[in-house]
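Structural description and commentary
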Amino acid sequence: MARSTTKELTSGSPMKLILGFAVPLLFGMLFQQFYSLMDTIIVGRYLGVTALAAVGATGSINFLIIGFCQGICNGFGLPVAQRFGARDYDGVRKYVGNSAILSVLIGGVLTALTVIFCRQILVLMQTPSDIIDLSYNYIVVIFAGIPATILYNILSSYLRSLGDSITPVIFLIVAAVLNIGLDLFFIICLHWGVFGAAFATVLSQAVRQSPPSAQAVSGVLCLFVIIRKFDILHLKRSDWVLDASYVRNLLIMGLPMGLQYSITAIGSVILQTAVNTLGSGAVAAMTAGSRISMFMVCPFDALGSTMATYGGQNVGAGKYDRLASGMKSAIILAAVYSAAILVVIIFLARPLIYLFIAPSDSANITQVVAQARQFLITNTCFYMLLSLVNIVRFLIQGMGFSGFAVFAGVFEMIARALIGLIFVPIFGFTAACFASPLAWLFADCFLLPAFFHCRKKLMRRVCQ
């Protein structure tokens, strides 16, 4: 029997389990954000502020589509975690087979729609005329790589559901190194511009995101890892047959999580549209600040993914009393990190921003740097609100109440839309800096009561 790397989170100290599961996951996310960060730095340093703005102008629509893909894949992993927690291994395999088929279908449809309507979307977002062609060249390639994105995320969601947060990190490390190398080659050596940056990203995704059935070397290696370490994922022919009850449960879990990202992103699209009207300098500033912030909030993302698995396994095992203690442990970890990273950003924000901009660039560098610093510090001051969003929302989803995530996304969308439609036209870039903190606050006001409501419903099941 091959060695298994599965891990149960249903017994033992919640703090130790959450920390032990989240740390390897964090390293993977840091590498994932690292190559995204390097991608942006290379674009800004070698192609200039205009190219940096072109990439940044696609950020919200990128988040809307790719976020939906990630969300639905994470949702598909929740029934797997619950069946694993209940030690129903036949159910695990059946859910894996059905979700794999659904993922392929969803990936094909999304790829076709986004590639066909890509330019029209950028026009509707009022992308500045001086960067719209560059923005199109970048985002259309990213959209063409959606199948690779979905297949990687569904694979990693399976592994996390079984308690393995280490194996996906290996693929992300390979991707990070490859992406940076390809960026430098395509942009500096071949002079492919932002198209080269996007192409490098997709190629690196193909390496780390190949499905097990692919003929690529990376796919074979991925399949090799699964065969050697995860006997539980060895599917039978019957596991590949769509079953109405399994499909229904997968969609009940997956679609709300995907919609949660998309609904949240609608607010971001509205905000991005408003910022686009402020000019390419403001877009570049928000791009630099956002990229740094995305790297800094990786611990919150890791805690969120951890809590989804923690919630799923403990609900599957019927250990509802461990949910609140797990949430408390995660919040303590997030509070310590939030305080520490605020100090770091206050002192290092400006040097970090200059990583994205060449000293010989346009005359508005001073304004771009000042706005980026304002955006970054404003957001960092409210990171504790963001940590609560991630911890509580993903825990609720793991508990089986994915629908509540949609409502949380609605609250975030409303907050960002209000800022974009009303306050940015009046107060300019300063208003845009407060869009995310307000969105996090709105979501928390809904999620915290929702958690206790959901836990109460679960506890009633025990009494019945």
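In short, a report on the structure. Computed from a predicted structure; not experimentally measured.

With that settled, consider the overall build of the chain. Counting its secondary structure elements, the chain contains 19 helices and zero strands. A total of 464 residues make up the chain; the buried ones form 58% of that total.

Within this model, the second largest pocket holds a volume of roughly 200 Å³. As for the second largest pocket, its lining consists of L19, A22, V23, L26, P299, F300, A302, L303, L333, A334, V336 and Y337. Listed by contribution, the elements that provide at least two residues to the lining of the second largest pocket are α1 (14-47), α13 (298-316) and α14 (322-354). Residues belonging to the lining of the second largest pocket are distributed by class as follows: twelve nonpolar, no polar and no charged.

With respect to the element layout, A330 can be found in helix α14. Taking the C-alpha atoms as reference, A330 lies 9.0 Å from S387; in sequence the two are 57 residues apart. When neighbours within four sequence positions are excluded, A330 is seen to be in contact with I18, L303, M307 and I391.

Between its first and last C-alpha atoms helix α12 (residues 280-296) spans 24 Å; for 17 residues at 1.5 Å apiece the expected length is 24 Å, and the two agree. With respect to burial, α12 is a largely interior element, 15 of its 17 residues being buried.

Moving on, we get to the packing of helix α11 (residues 244-276) against helix α17 (residues 403-427). Where α11 meets α17, the closest approach of the two axes is 8 Å, and the angle between their N-to-C directions is 5°. Viewed along their axes, α11 and α17 adopt a mutual orientation that is roughly parallel. In terms of residue class, the contact of α11 with α17 is built from 15 nonpolar, seven polar and two charged.

The next point concerns the nonpolar core. One finds L323, Y383, L395, I396, M399, L447 and F451 to be the most contacted residues of the largest nonpolar core, which totals 73 residues. Here this core takes nine residues from helix α19 (residues 435-463), the largest share from any one element. Beyond its immediate chain neighbours, meaning those up to four positions away, L447 contacts V389, V392, R393, I396 and A408. Membership of the second largest hydrophobic core comes to 43 residues, among which are F68, M125, F143 and I146.

With that settled, the discussion passes to a positive patch on the surface. Among the surface-exposed residues, K456, K457, R460 and R461 lie close enough to one another that they form a single positively charged patch. As for its placement among the helices and strands, R460 is situated in helix α19.

With that out of the way, let us pick up a nonpolar patch on the surface. A surface patch of nonpolar side chains, amounting to about 670 Å² of accessible area, comprises I414, L418, L421, I422, F423, I426 and F427. Within the element layout of this structure, F427 appears in helix α17. A relative accessible area of 55% places F427 in the exposed class.

Our next topic: unusual backbone geometry. Phi at R87 is positive, roughly 60°, even though this residue is not glycine. When you line up the elements, R87 lands in the loop between α3 (59-85) and α4 (89-116). Its identity as a non-glycine residue notwithstanding, Q126 has a phi of 55°, on the positive side. Summarising the element assignment, Q126 is placed in the loop between α5 (118-124) and α6 (132-144). Residue classification places Q126 among the partly exposed residues on the basis of a relative accessible area of 45%.

Conventions we followed
Residues numbered from 1 in each chain as written. Predicted model: local features only at pLDDT ≥ 70, side-chain atom pairs only at ≥ 80, totals over all residues. Heavy atoms only, no water. Helix = DSSP H or I, 4+ residues; strand = E, 2+ residues; numbered from the N terminus. Buried < 20%, exposed > 50% of the residue type's maximum accessible area, 1.4 Å probe, protein only. 1 Å grid on protein atoms, 1.4 Å probe; cavity = no way out; pocket = protein on both sides within 12 Å on 5 of 7 lines; lining within 4 Å. Points joined across faces, edges and corners; volume = space filled by probe spheres on them. Nonpolar A, V, L, I, M, F, W, Y, C, P; charged D, E, K, R; others polar. Contact = heavy atoms within 4.5 Å. Expected span 1.5 Å × (residues − 1). Axes fitted to C-alpha atoms, helices over the stretch in contact; angles between N-to-C directions. Parallel < 35°, antiparallel > 145°, perpendicular 65-115°, else oblique. Core = buried A, V, L, I, M, F, W, Y, C linked by side-chain atoms within 4.5 Å. Patch = residues over 30% accessible without salt bridge, like charges linked within 9 Å, V, L, I, M, F, W, Y side chains within 5 Å. Areas by Shrake-Rupley, 256 points an atom, 1.4 Å probe, with all protein chains shown as cover. Salt bridge = Lys/Arg side-chain N within 4 Å of Asp/Glu carboxyl O. Lys, Arg positive; Asp, Glu negative; His and termini not counted. Charge placed at Lys NZ, Arg CZ, Asp CG, Glu CD.

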